[in-house]
Structure formats: C-alpha cells, structure tokens
Amino acid sequence: MKLWAGRTGGDVDERLSAINNSIGFDSRMYKQDITGSIAHAKMLGKIGVITEDEKNQIVEGLNGILADIERGALEIDMTCEDIHTFVEATLTERIGTAGKKLHTARSRNDQVALDIRMYLADQIEHVIALAKDLTAAFCEVAEQHLETVMPGYTHLQRAQPVTLAHYLMAYAQMLLRDIERLGDCKRRTLVLPLGSGALAGTTYPLDREYVAEQLGFNGISLNSLDGVSDRDFALELLSDLSIMMMHLSRFSEEICLWCSWEFKFVTLADNFSTGSSIMPQKKNPDITELVRGKTGRVFGDLTTLLTAMKALPLAYNKDMQEDKEALFDAIDTADLSLSVLAPMLRTANFHPANMKKAAAGGFINATDCADYMVRKGVPFRDAYRVTGQRVKYCIDRGLTLDELPLTDYREFSLVFDEDVYDAIDLLTCVSQRSLPGGPAPSAVKATIDATRAKIAEA
Ligand code: ARG
C-alpha cells in the first residue's frame, strides 16, 4: 500500500513500482532525511502546529530510527517507494498518531530538494578533503624534485626545459581551483527549499529561518516554484566534478605515457600496478587508465541531468528523480579517483636520469642559446635565425648544442665564447626562469609554499 493511497487505491502494478521506486538509490540519504525531518518537527513544535509532547515523540522516534539504522538494528525496507516514505512509515509504526503529523506543511517535493542539498553539501566537504590530500601529495613529491630537469612540451614536441616539480605543481594549481569551485558550489547548495511545499508554499505560519539555522544553511529560497524545481546546485556540482575529472584525466594520461618504455620517466610501485595474463613482462598503469576512462562517466552524468532538466515546465516533475543516480555516480567516481591517485603518486618512483636524457636530446635549450646571443647585443630575430641554422647543423652531424665545439659556434657568430656552455646548461636554463610562476627551483619552492597555505585556509 502506498503512502499516497486515497485518490487511487494505492495497490500498484509491480512494473510501475519498478520504474517509480527510488529507494534502491535514495536510501543513501537516510541520515539527511531524518535530520531534515527533526528540524522540521522542532519548527512545527515551536510555532504550535504540533504540541510540545508530539514534537518530543517525533524527535525521539526519528533519533531512534537513525541510531538503529546506523548500528544495523533496522534494515531499510527496499520495497518502499523511497527513503522519505520509509522513514515516515517507520516512525508512525513506532510512535503512532504523532508520527502522522510529521508531514504537516511539507511535501516530498520540498523534502527531497532539502535532502539532496544536505547530502551534496556533506559530499562536497568529503571530496574537498580528498582533493586537498592529492594536492598535498603533489607538493610533497614536487619538493623532492625541484632540480629534476625534464623536457616541457608543446604539441607533444620537446620545447623548453622545466623540472618535474614545476610539472607536478601545475596539477596542484588545477586542484586548488577545483577546491575553490566546490566551496562556491557548497555555498549555493546550502539554501533552504523547505517551506516551498508541493509548489505553492503553505498556509501554515512556518518559521523557515529557524529550520535553516538548525541545519546550518546560509539562507532560504525566495520562490516556492523555484524552490522545488531548482537543480542548479546539482548541475554546478556535476560541472565542477567534470572539470576536476578532466584534470585528473590529463594527469593520468601523462602517467600512462611516462610509464611507457619510450619515456620511462616513472615506475609505479608494484602494489599500484597490474600485470598481464599472458605477457610475463608487463607492468601496467591500470589505475591511470581507469581514471582517464571513468572521466567519461562523470561527463555523462552532467549530460544526463542537463538533458533531464532542459524541457521541464515548472515546478516538480518526476523526471527530476533521475538527478540522484547521476549525482551519486559522479561523486563516487571522483571519490575513488582522488583516493587512489594520492597514494599512487606518493609511492611512484620517478627517474631523473631518463628525464635529463630526454631533456638533453631535443634542443630544448635553443631558446636560451638565442637569448645568449641577445645578451651579447644581437637582435632577437637574427639570433633566432642563426640558432635555427645551428640546430640543423647539429642534427646533420648527430650532435647536441652542448657538444658543438666553440670553433663551430664561432663560425656562425663571433659573439660566442666559452661561457655559452654554461648558458645552455639545462639547469641554468631552468634556474634563470625565476619569475613568480616560473620553473626555477626558487620560484617553484615559493609556489609549493603558497599552495600549502591555500590548502590550509581553504
Ligand atoms: N523520489 C522522489 C524524487 O526523488 C521524491 C519526490 C516525490 N514527489 C512526488 N511528487 N512524487 O524526486
């Protein structure tokens, strides 16, 4: 029998239940549903719509249900329509008539909007904590590799020298922005929809501010139609998680490449690697491949909800029940990805010698060689051309710029002296880029310090 039996008989075809019931996924909001109901009941008591005694019975009953679910003494009945129905029915079963008063001046439409907001706010905090930990891992590993020179790339072609520390701290900056975005999203999520009723508010003199205060919300919604049908906060979270997963996916792609024999910049710890069932030599970076792959799911979750919402007339429509599986999947995926990348990164073994070799092989100090000429008075455009010719000269002879004898340098230009070798030394090239935000060890150390300070205050 359904909660809403009355207008209809309430006995429904099992195929309707199969499509209509949401308890299979919304049961994970039991705590928020109960906490929200306690706040609502206290408010009903405060304004005199229910008696002090009824309020106490309800609050005690709900606390008992919460405690029993948490210690495994009460199993959530998966044949109920949704978690709201289950909690209310269980309450009435336990305390009788007072339980039937809980839903006064409330609809499941404003109730579910409240529950999701509460659930998401909790989850956002959790994701932020995990993102902070991964950012801290980037800082830790970067600190050990301030002078580990490696090629920086554009077009995936070796471009200019950077350091591993600089490279990793780029990802830390992305995560800092993700953390900031999630914090913003949380602020907008904590706006109270309760009091919107089914769509048109209610005739009872509710104290909405009191409910908001009890639940730690920042304010109340100002239009009942919008209050029950707004899912912007959910879309914002899915957008924020999509952007964050895009960052994790880019980093994962780097690790996949760097694990290849062609790069061999890193070897992942054995307990964070997998093997092949047939090829005995294989050690595979499955973690980063999966994070890269799972990113698509989160983008899909965002598309699912955008599409579900795009043609809905005001106010609540059952289509909106589709928000939950998309949200839960995106949160679970982000949670899993952040949780596994942090220890994988902390235990990875980077190979500075291989990075240095790759950095030495690609003429990535050519810009610095041209800059050397500029410092000696040659206009940059001329220095650029002459250096290009010298690179070609070296390629034809199988030499690097560091190996080219000074006599050969001087054939190109008489500005060259012995000090050119120091000027194009890769660590010199990196160290001279010491502007804030640059790859010089001193600049990267400052970025690490600033990043740690931001994590601490975020
Ligand atoms: N399970 C529903 C949801 O997730 C709860 C709201 C039901 N409201 C209704 N009018 N049937 O959206």
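Residues numbered from 1 in each chain as written. Predicted model: local features only at pLDDT ≥ 70, side-chain atom pairs only at ≥ 80, totals over all residues. Heavy atoms only, no water.

## A few points about the overall build of the protein chain
- Within the protein chain, the regular secondary structure consists of 19 helices and six strands.
- A compact globule built from 458 residues would reach a C-alpha radius of gyration of about 23 Å, whereas the protein chain, at 30 Å, exceeds it by more than 25%.
- With the principal axes as the frame, the protein chain shows a C-alpha extent of 100 × 50 × 40 Å.
- Across the protein chain, every contact between residues at least 6 apart in sequence was considered, and the portion connecting residues at least 24 apart equals 75%.
- As displayed, the protein chain has an accessible area near 21400 Å², and 53% of this comes from carbon and sulfur atoms.
- If the 49 positive side-chain charges of the protein chain are averaged to one point and the 65 negative ones to another, these points end up 3 Å apart. (Helix = DSSP H or I, 4+ residues; strand = E, 2+ residues; numbered from the N terminus. Rg over C-alpha atoms; globule rule 2.2 N^0.38 Å. Contact = heavy atoms within 4.5 Å. Areas by Shrake-Rupley, 256 points an atom, 1.4 Å probe, with all protein chains shown as cover. Lys, Arg positive; Asp, Glu negative; His and termini not counted. Charge placed at Lys NZ, Arg CZ, Asp CG, Glu CD.)

## Quick look at the environment of N284
- Within the secondary structure, N284 is located in the loop between β5 (266-267) and α11 (286-309).
- Residue classification places N284 among the buried residues on the basis of a relative accessible area of 16%.
- Contacts of N284, omitting those with residues within four sequence positions, involve S273, T274, G275, S276 and E289. (Buried < 20%, exposed > 50% of the residue type's maximum accessible area, 1.4 Å probe, protein only.)

## Structural notes on the nonpolar core
- Formed by 74 residues in total, the largest nonpolar core has its most connected members in L241 and W258.
- Listing elements by their share of this core, those giving two or more residues are α6 (108-143), α7 (164-189), α10 (232-259), α11, α12 (323-347), α13 (352-361) and α19 (441-457).
- If we skip the residues at most four places from it in the chain, W258 touches M150, L164, Y167, F263, K264, F265, V266 and F350.
- I23, A41, M43 and I58 belong to the second largest nonpolar core, which has 36 residues in total. (Core = buried A, V, L, I, M, F, W, Y, C linked by side-chain atoms within 4.5 Å.)

## Some points on empty space enclosed by the protein
- Under the counting rule described, the total for this entry stands at two cavities of 30 Å³ or more.
- In this model, the largest cavity occupies a volume close to 40 Å³.
- Considering the residues around the largest cavity, the lining is formed by L134, F138, Y171, L175, H247, L248, F251 and L341.
- Of all the elements in the fold, those that place two or more residues in the lining of the largest cavity are α6, α7 and α10.
- Tallying contributions element by element places α10 first for the lining of the largest cavity, with three residues.
- Approximately 30 Å³ is the volume found for the second largest cavity. (1 Å grid on protein atoms, 1.4 Å probe; cavity = no way out; pocket = protein on both sides within 12 Å on 5 of 7 lines; lining within 4 Å. Points joined across faces, edges and corners; volume = space filled by probe spheres on them.)

## Some words on the packing of α7 against α19
- Look at α7 against α19: their axes get within 10 Å of each other, and the N-to-C directions meet at 25°. The orientation of α7 with respect to α19, classified from their angle, is roughly parallel. Relative to α19, α7 is oriented so that their crossing is left-handed. On α19, the residues that touch A165, H166, M169, A172, Q173 and L176 of α7 are V444, T447, I448, T451, K454 and I455.
- Each residue belonging to the contact of α7 with α19 can be placed in one class, and the counts come to seven nonpolar, four polar and one charged. (Axes fitted to C-alpha atoms, helices over the stretch in contact; angles between N-to-C directions. Parallel < 35°, antiparallel > 145°, perpendicular 65-115°, else oblique. Left-handed = near helix turned anticlockwise from the far one by under 90°. Nonpolar A, V, L, I, M, F, W, Y, C, P; charged D, E, K, R; others polar.)

## Here we look at the pairing of strand β2 (residues 157-163)
- Strand direction decides the pairing type here: strand β1 (residues 149-154) and β2, joined by six bridges, are antiparallel. From the neighbouring strand, Y153 faces β2, where its bridge partner is R158.
- Linking β1 back to β2 in an antiparallel pair, the connection comprises two residues, with H155 at a positive phi of about 55°. (Pairing = 2+ DSSP bridges.)

## Details of a negative patch on the surface
- A cluster of acidic residues, D402, E403, D422 and D425, forms a negative patch at the surface.
- You can see D425 is positioned in the loop between α17 (420-423) and α18 (426-431).
- Overall, D425 belongs to the partly exposed group, its relative accessible area being 32%. (Patch = residues over 30% accessible without salt bridge, like charges linked within 9 Å, V, L, I, M, F, W, Y side chains within 5 Å. Salt bridge = Lys/Arg side-chain N within 4 Å of Asp/Glu carboxyl O.)

## Some thoughts on helix α5 (residues 83-95)
- Taking 1.5 Å of rise per residue, the 13 residues of α5 would be expected to cover 18 Å, and the 18 Å separating its terminal C-alpha atoms lies within 8% of that figure.
- Among all positions in α5, only I83, H84, T85, F86, V87, E88, T90 and L91 are buried.
- Residues of α5 that are buried make contact with α2 (23-26), α3 (30-46), α4 (52-70) and α6.
- Taken from the residues just after α5, G96 is the one with a positive phi, measuring 75°. (Expected span 1.5 Å × (residues − 1).)

## Some words on the environment of I50
- Mapped onto the secondary structure, I50 falls in the loop between α3 and α4.
- Sequence-wise, I50 and D115 are 65 residues apart; in three dimensions their C-alpha atoms are separated by 22 Å.
- The contact partners of I50, leaving out residues within four places of it in the chain, are A41, L44, G45, K55, I58 and K101.

## Describing the packing of aromatic side chains
- Taken as a whole and judged by the stated rule, the model has 13 aromatic pairs.
- Aromatic side chains Y393 and F412 sit 5.3 Å apart centroid to centroid with 85° between the ring planes, which places their arrangement in the edge-to-face category. Of the two residues, Y393 sits in helix α15 (residues 380-397) while F412 sits in helix α16 (residues 406-412), which places them 19 residues apart along the sequence.
- Overall, Y393 belongs to the partly exposed group, its relative accessible area being 22%.
- For the pair Y409 and Y421, a centre-to-centre distance of 5.9 Å together with 85° between the ring planes defines the contact as edge-to-face. Placement of the pair is Y409 in helix α16 and Y421 in helix α17, with a sequence separation of 12 residues.
- A residue is classified by how much of its surface remains accessible, and Y409, at 0% relative accessible area, is buried. (Phe/Tyr/Trp six-rings, centres within 6.5 Å; stacked < 30°, edge-to-face > 60°.)

## Observations concerning the pattern of salt bridges
- Inspection of the entire model under this criterion finds 30 salt bridges.
- K186 is paired through a salt bridge with E125; the nearest N and O atoms lie 3.1 Å apart. Taken together, the residues span a long stretch of sequence, with K186 in helix α7 and E125 in helix α6 at a distance of 61 residues.
- Where D133 meets R346, a salt bridge forms, and the shortest distance between an N and an O atom there is 3.0 Å. Of this pair, D133 sits in helix α6 while R346 is found in helix α12, placing the two residues 213 residues apart along the sequence.
- Judged by its relative accessible area of 34%, D133 falls in the partly exposed class.
- Here the salt bridges share partners, and the residues they tie into one network are E81, D82, R108 and K318.

## Some words on the site of the ligand
- Near the ligand you find S22, D82, H84, R108, N109, V112, Y316, K318, Q321 and K324, and these make up its full shell.
- Within the side chain of Y316, one N or O atom sits 2.5 Å away from an oxygen atom of the ligand.
- Contact with the protein chains covers 86% of the free accessible surface of the ligand, which is 340 Å². (Near = heavy atom within 4 Å. Polar contact = N/O pair within 3.5 Å; in protein donor to acceptor, adjacent residues only side chain to side chain.)

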